[in-house]
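# Architecture and fold: a report
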Amino acid sequence: MGARSIPELVLGVESSCDDLAAAVVGRGREILSSVVRGQTSVHRPYGGVVPELASRDHVRWVSDVVEAALRAAGLTAEQLDGIAVTAGPGLVGSLLVGLSFGKALAYRLGVPVVGVHHLAGHLASVEISDAGLARPYIGLVVSGGHTALYRLTDAGPPVRLGETRDDAVGEAFDKVAKLLGLPYPGGPAVAAAAERGREDAIRFPRPMLGKAGLDFSFSGLKTAVALEVERRGELSEEEVADLAASFEAAAVDALVSRARRALRQAGMQRLAVVGGVAANQRLRRELVRAAATDGFRATFPPLALCTDNAAMIAAAGAALLARGERHGAAPCP
Ligand code: KG4
Ligand code: ZN
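For every chain, the first residue of the written sequence is number 1, and numbering continues from 1 onward in sequence order. For this description, chains carry letters from A and ligands carry numbers from 1, given in the order in which they are written. The predicted origin of the model limits local features to residues at a pLDDT of at least 70 and limits the giving and counting of side-chain atom pairs to 80 or more, whereas totals for whole chains, interfaces and linings rest on all residues. Where side-chain values are given, they derive from all heavy atoms of the structure, hydrogens and water being excluded.

## Some words on the site of ligand 1
In the vicinity of ligand 1, 18 residues are found, and the nearest of them are Gly144, Asp174, Gly187, Gly276 and Asp308. Contact with the protein chains removes 86% of the 560 Å² of surface that ligand 1 exposes when unbound. Counting from the N terminus, the helices are the DSSP runs of H or I reaching at least four residues and the strands are the DSSP runs of E reaching at least two. Mapped by element, the contributors of at least two residues to the shell around ligand 1 are helix 4 (118-129), helix 5 (169-179) and helix 6 (186-195). With 3 residues, helix 5 is the single largest residue contributor to the shell around ligand 1. The class makeup of the residues in the shell around ligand 1 is 5 nonpolar, 11 polar and 2 charged. Each domain span listed reflects an automatic or database assignment of domains. When residues are assigned to domains, the shell around ligand 1 turns out to be shared by domain 1 (9-123 + 307-322) and domain 2 (135-300), each giving three or more. Proximity criterion: a residue is near a molecule or strand once any of its heavy atoms comes within 4 Å of it. Only the protein chains shown count as covering a residue, and every accessible area follows the Shrake-Rupley method with a 1.4 Å probe. Ten residues, namely Ala, Val, Leu, Ile, Met, Phe, Trp, Tyr, Cys and Pro, are considered nonpolar, four, namely Asp, Glu, Lys and Arg, are considered charged, and the remaining ones, Gly among them, are considered polar.

Quick look at the structure:
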């Protein structure tokens, strides 16, 4: 591996929350394998992620998932040139599993290991899936833990332009799912119910719409849904669908208006949308429509790369390894 060249084969490991994933990426772009083990059945009885159960499940499965990723890529561990692991943010117990495993494996193989910021991983997901995406562009990160706008240029790290002041948009989807009696994971359940509902049934407030700046806020919208649910009492299936559609429309409006403003202010014509909520079909539709009106280009990763995966971590890590970055390289004396 040359001093500044992208490593040939990087193993990515992601265990920051309730998904455990491993992937092998070639030369920072080519996905040779990507394995994700979800934990829906572990957490569904509790209606949300239970951190202690998440990390215990990761411990049980981490070596199997890594092995499966290597097998699917037709490789042995000895052929790897480097390892990239999510180092944060996330649930501490969950993060520790992937980090310990990645560091131990790198030590055994004698290859470098690097820690990757989870959001840098999400941003990399679109760079590996859309070869036509060139910097500079605006990145909209919409996940269960984060909602933020970034400016990405070739000079230096991403610059954050705005972020949520309270709940993340994915978190709002998850909480609204609970209010409506829909199962965990909430985002896809709300989106599915919304497809059967009327988006104009209830006019929920559009968070921050009248305010300047590029920050977001979703807790007021969630409270508005909670009050409406309380007012109605027992909900029919039709009411659940209408509430889901009306909530989704308000949340999507807030994201679209902020993204448009960020593009306008930065004078940019490219928008990349990443994170679990980038899988939302209404968001995709509305952004494509806004792009046609305003004359920008909107790009999204394929659905499998929107939600947590390790290909994005391997891709982001490959770029860091090429720059010579290392994570806690010194072994114990
Ligand atoms: O990026 P991700 O997998 O994990 C985090 O980094 O948080 O995002 C998970 C979030 C969850 O809140 C989930 O409910 C939401 O993404 N999500 C969706 C959809 N699919 C996943 N939200 C709305 N519509 C969807 N189709
Ligand atoms: Zn994520």
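## Quick word on the confidence of the model for the protein chain
Residue-level confidence of the predictor, termed pLDDT, takes values from 0 up to 100. Averaged over every residue, the pLDDT of the protein chain is 94; the share at 70 or more is 97%. Between two residues, a contact is recorded if the distance between any of their heavy atoms is within 4.5 Å. When the criterion is pLDDT under 50, residues 329-333 qualifies, and its contacts beyond four places in sequence or with other chains add up to 1 contact.

## Here we look at the domain arrangement of the protein chain
According to the domain assignment, the protein chain consists of domain 1 (9-123 + 307-322) and domain 2 (135-300). One C-alpha centre belongs to domain 1, the other to domain 2; they are set 27 Å apart. Every contact between the two is made by 13 residues of domain 1 and, on the other side, 14 residues of domain 2. In this description, buried area is defined as the sum, over both parts, of the accessible area (probe of 1.4 Å) that is lost when the two are combined. When the buried surface of domain 1 facing domain 2 is broken down by residue, Leu119, His122 and Leu123 rank first, second and third, together holding 52% of it. A side-chain nitrogen of Lys or Arg and a carboxyl oxygen of Asp or Glu constitute a salt bridge if their distance falls within 4 Å. Seen at the junction of domain 1 and domain 2, the total is 0 salt bridges. Pairs of N or O atoms within 3.5 Å make up the polar contacts considered here, provided that, within protein, one atom can donate a hydrogen while the other can accept it, and that residues adjacent in sequence are counted only when both atoms are side-chain atoms. At the boundary of domain 1 with domain 2, the tally comes to 2 residue pairs in polar contact (both at pLDDT 80 or more).

## Some remarks on the coordination of the zinc ion (ligand 2)
Coordination of the zinc ion (ligand 2) by the protein involves His118 (NE2), His122 (NE2) and Asp308 (OD), with metal-donor separations of 2.0 to 2.1 Å. Metal-coordinating donors are taken as N, O and S atoms lying within 2.8 Å of the metal, or within 3.2 Å when the metal is Na, K or Ca; because water is left out, some sites can appear incomplete. Read in sequence order, the donor residues for the zinc ion (ligand 2) give the motif H-x3-H-x185-D. Taken as a pair, His118 and His122 lie in helix 4 at a separation of 4 residues, close to a single helical turn. Accessibility expressed as a relative area gives 7% for His118, which makes it buried. Any residue under 20% of the maximum accessible area for its type is buried, any over 50% is exposed, and the rest in between are partly exposed; the area is computed with a 1.4 Å probe on protein chains only. Given a relative accessible area of 0%, His122 falls into the buried group.

## Quick notes on the sheet that holds strand 7 (residues 147-152)
The strands making up a sheet are joined through hydrogen bonds of the backbone, oriented either antiparallel or parallel. In this description, strands pair whenever DSSP reports at least two bridges between them. In spatial order, the strands read 8-7-6-9-10; together these 5 strands make up an open sheet with mixed pairing. Strand pairing shows two members of the sheet lacking a second neighbour, strand 8 (159-163) and strand 10 (297-299), which therefore form its edges. Between one strand axis and the next, the sheet turns through 20° on average, direction left out of account. As defined by bridge partners, strand 7 adjoins strand 8 across 4 bridges and the pair is classed as antiparallel. Counterpart to Ala148 in the pairing with strand 8 is Glu163. Think of each axis as a best-fit line through the C-alpha atoms, taken over the contacting stretch in the case of a helix, with angles from 0 to 180 degrees between the N-to-C directions.

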